[in-house]
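Commentary on secondary and tertiary structure
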Amino acid sequence: MTGQDPLFSILIATRNRAERLGACLDRLLAMNGEHDREFILVDNGSTDATGNVLARFKRACPWPVLLIREPSPGASRALNRGLARARGRILVFTDDDCYAEPDLLDAFARTFADPRIGFAGGRIVLHDPDDSRLALRESPDAEMLSPGAFVAPGWIQGANMAFRREALLQIGGFDPNFGAGARFSGGDVDACGRAGAAGWYGAYDPLPSVRHHHGRRAKAARRHAARYAVGGGAYLAKRLVHSRRRLRDLGAMLRFTCGRRSPIAILRQLSGSVQYVALRIAGRLPGAGDPSFSPGGEHAEAEA
């Protein structure tokens, strides 16, 4: 490790997943490559043995590890605490039920060799064939989005996502109204959409890859799919409210919505849009000037 900022910060927010977290962290230890890196792991108010699992990882890891406790629920809020302490030029995010392939960092280093790219995502494949096919991204084809282009829900997912640090800081981090544990899902696509609107290119690259071990069977998967649809609708409404090119974005949103196969999913998406607009009109969503939109804060507890 040099005295300079590392190339990578790997960030994970976790809550009460001790039984699966250890396997996730073991895969992170096994990542190859010579790139300088640091790990920032945020315990989002766990009440199980998560703290012990994180402490074991820190003892075993040859790279710097920062453990942070964020008691207020919400993955976006937790990741913002980590973002405030991150030094890496490229911030890599994965979930506590995912297993990174050994070449994940090497692959993302190649992706971000293009200085125009501010955000990117990679492949997410199913680890356990008995799990439902939920929250996957398996396309073998690389794609790029120009600045300001519509970012569709699911195009990049938080289980395998990376940002240039300056891009994520430029937009003020993650919106705490979105993401796991928040009112709406979709903290990943919301951040990507805002980074694109701020002038950055986005990329989907199939080479950075993780295996998702979510453990959900049919009933639980249906509940999560319903939540994803509602969150996607809220994201679409938020984007339309703030868009400078509403007609163009509206056309892209309608194409995305009409491309959904399930009428129930469309109705749930519309429900999410209505909920977002109603809550915004009622003043029950933090505004752009709310300090919770900025990384960091007074309530994070960190261990160097």
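Residues numbered from 1 in each chain as written. Predicted model: local features only at pLDDT ≥ 70, side-chain atom pairs only at ≥ 80, totals over all residues. Heavy atoms only, no water.

With that settled, the discussion passes to the overall build of the protein. Looking only at helices and strands, the protein features nine helices and ten strands. Over its C-alpha trace the protein gives a radius of gyration of 18 Å, about what one expects of a compact globule, namely 19 Å for 304 residues. Its C-alpha atoms give the protein principal-axis dimensions of roughly 50 × 40 × 40 Å. Within the protein, the proportion of its 304 residues that are buried is 54%. A separation threshold of at least 6 residues defines the contact pool for the protein, and within that pool the share at least 24 residues apart is 82%. A total of about 13,700 Å² of accessible surface is found on the protein, and carbon and sulfur atoms cover 53% of it. (Helix = DSSP H or I, 4+ residues; strand = E, 2+ residues; numbered from the N terminus. Rg over C-alpha atoms; globule rule 2.2 N^0.38 Å. Buried < 20%, exposed > 50% of the residue type's maximum accessible area, 1.4 Å probe, protein only. Contact = heavy atoms within 4.5 Å. Areas by Shrake-Rupley, 256 points an atom, 1.4 Å probe, with all protein chains shown as cover.)

Quick look at helix α6 (residues 187–197) now. With respect to burial, α6 is a largely interior element, nine of its eleven residues being buried. Along α6, the residues classified as buried are Gly 187, Val 189, Asp 190, Ala 191, Cys 192, Gly 193, Arg 194, Ala 195 and Gly 196. On the buried face of α6, the contacting elements are α3 (75–85), β6 (117–126), β8 (160–164), α5 (165–170) and α7 (218–242). Backbone geometry just downstream of α6 places Gly 199 in the positive-phi region, at approximately 110°.

With that settled, consider unusual backbone geometry. Phi at Asn 16 is positive, roughly 55°, even though this residue is not glycine. Among the structural elements, Asn 16 can be located in the loop between β1 (8–14) and α1 (18–29). A positive phi angle is found at Ala 135, which is not glycine, with a value near 55°.

Glancing now at the confidence of the model for the protein. In the predicted model, the protein carries a mean pLDDT of 90, and 92% of its residues have values of at least 70. The model gives residues 288–304 a pLDDT under 50, and that stretch makes 44 contacts with residues more than four places away or in other chains. (pLDDT = per-residue confidence, 0-100.)

As a volume, the second largest pocket reaches approximately 710 Å³. Every element with two or more residues in the lining of the second largest pocket is listed here: α6, α7, α8 (246–258) and α9 (263–281). For the lining of the second largest pocket, the element with the most residues is α6, which contributes five residues. Tallied by class, the residues present in the lining of the second largest pocket amount to eleven nonpolar, nine polar and ten charged. (1 Å grid on protein atoms, 1.4 Å probe; cavity = no way out; pocket = protein on both sides within 12 Å on 5 of 7 lines; lining within 4 Å. Points joined across faces, edges and corners; volume = space filled by probe spheres on them. Nonpolar A, V, L, I, M, F, W, Y, C, P; charged D, E, K, R; others polar.)

Moving on to the pattern of salt bridges. Enumeration over the complete set of coordinates arrives at 16 salt bridges. Note that Arg 211 and Glu 101 form a salt bridge whose closest N and O atoms lie 3.3 Å from each other. With a gap of 110 residues between them, Arg 211 in strand β9 (residues 201–212) and Glu 101 in the loop between β5 (98–100) and α4 (104–111) connect regions that are remote in the sequence. The exposure class assigned to Arg 211 is partly exposed, which follows from its relative accessible area of 22%. A salt bridge links Asp 249 to Arg 248, with the shortest nitrogen-to-oxygen separation between them at 3.3 Å. Overall, the relative accessible area of 36% leaves Arg 248 in the partly exposed class. Connected through salt bridges with shared partners, the residues Asp 5, Glu 38, Arg 87 and Arg 165 form a single ionic network. (Salt bridge = Lys/Arg side-chain N within 4 Å of Asp/Glu carboxyl O.)

Here the focus is the packing of aromatic side chains. Here the structure, examined in full by the defined rule, presents ten aromatic pairs. For the pair Phe 119 and Phe 163, a centre-to-centre distance of 6.3 Å together with 35° between the ring planes defines the contact as tilted. Here Phe 119 is found in strand β6, whereas its partner Phe 163 is found in strand β8, with 44 residues between them in sequence. Across the pair, exposure class does not vary: Phe 119 and Phe 163 are buried alike. Arranged with centres 6.2 Å apart and planes meeting at 40°, the rings of Phe 178 and Tyr 276 form a pair that is tilted. Taken together, the residues Phe 178 in the loop between α5 and α6 and Tyr 276 in helix α9 connect sequence positions 98 residues apart. Connected via pairs of aromatic rings, a cluster forms that spans Phe 93, Phe 119, Phe 163 and Phe 174. Taking the ring centre of Tyr 99 as reference, the NZ or CZ of Arg 27 above it sits at 4.4 Å. Over the ring of Tyr 204 we find Arg 137; its NZ or CZ atom is 3.8 Å from the centre of that ring. (Phe/Tyr/Trp six-rings, centres within 6.5 Å; stacked < 30°, edge-to-face > 60°. Lys NZ or Arg CZ within 6 Å of the ring centre and 35° of its normal.)

Attention shifts here to the packing of α7 against α8. In contact at an axis separation of 9 Å, α7 and α8 are set at 165° when each is read in the N-to-C sense. With respect to their mutual orientation, α7 and α8 come out roughly antiparallel. Crossing angle aside, the handedness with which α7 passes α8 is left-handed. Between α7 and α8, the contacting residues are Leu 236, Arg 239, Leu 240 and Val 241 on the first element and Arg 246, Arg 248, Asp 249, Leu 250, Met 253, Phe 256 and Thr 257 on the second. (Axes fitted to C-alpha atoms, helices over the stretch in contact; angles between N-to-C directions. Parallel < 35°, antiparallel > 145°, perpendicular 65-115°, else oblique. Left-handed = near helix turned anticlockwise from the far one by under 90°.)

Once that is clear, we can look at the packing of α1 against helix α2 (residues 50–60). For the pair α1 and α2, interaxial distance at closest approach is 9 Å and the crossing angle is 15°. Viewed along their axes, α1 and α2 adopt a mutual orientation that is roughly parallel. Relative to α2, α1 is oriented so that their crossing is right-handed. Two secondary-structure elements touch here, α1 through Ala 18, Leu 21, Gly 22, Leu 25 and Leu 29 and α2 through Thr 50, Val 53, Leu 54, Phe 57 and Ala 60. Its residues assigned to classes, the contact of α1 with α2 shows eight nonpolar, two polar and no charged.

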